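# Reading the structure
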Amino acid sequence: MLEEYLKVGRLKVKLLGRGFAWFDAGTHDSFLEAGEFVATIEKRTGLMVGSIEEIAYRNGWIDKEDLLKLAKKYGKTDYGKYLKALAEEEVHAF
């Protein structure tokens, strides 16, 4: 498919800087590898990868009250607990 974009002059490329990882998850093995990578990052840092609620909160798009409401929707799941802890500032970014 990329070849088609290249042919019509619509292929755009950007270099990813430090801190980015690219996984082509087009096979079962590569998909599993990507999942294991995310799990390792989350386990070692204590931070979740790709949390849109956290991104919104850290960028000031939602406030603490909004974040707590969202956390309540997830209940006692690990994700709900994570968002609640974030609102209570128990989760810190580096």
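Coordinates for the structure precede this section.
Here the structure is a predicted model, which means the values were calculated and not measured.

## Let's talk about the pattern of salt bridges
Evaluated as defined, the whole model comprises 4 salt bridges. With a closest N to O distance of 2.8 Å, E54 and R58 form a salt bridge. In this pair, E54 and R58 both sit in helix 3 (residues 52-58), 4 residues apart, roughly one turn of the helix. Owing to a relative accessible area of 8%, E54 belongs among the buried residues under this scheme. Classification of R58 by relative accessible area gives partly exposed; the value is 37%.

## Examining the nonpolar core
L47, A56, Y57, I62, L67, A71, Y79, Y82, L83, L86 and A87 together form the largest nonpolar core, which totals 11 residues. Within the residue set of this core, elements represented by two or more residues are helix 3, helix 4 (64-73) and helix 5 (78-87). Of the residues forming this core, the biggest block, 5 residues, is contributed by helix 5. Discounting residues that sit within four places of it in the chain, Y79 has contacts with M48, S51, I52, E53 and Y74.

About the cut-offs
Residues numbered from 1 in each chain as written. Predicted model: local features only at pLDDT ≥ 70, side-chain atom pairs only at ≥ 80, totals over all residues. Heavy atoms only, no water. Salt bridge = Lys/Arg side-chain N within 4 Å of Asp/Glu carboxyl O. Helix = DSSP H or I, 4+ residues; strand = E, 2+ residues; numbered from the N terminus. Buried < 20%, exposed > 50% of the residue type's maximum accessible area, 1.4 Å probe, protein only. Core = buried A, V, L, I, M, F, W, Y, C linked by side-chain atoms within 4.5 Å. Contact = heavy atoms within 4.5 Å.

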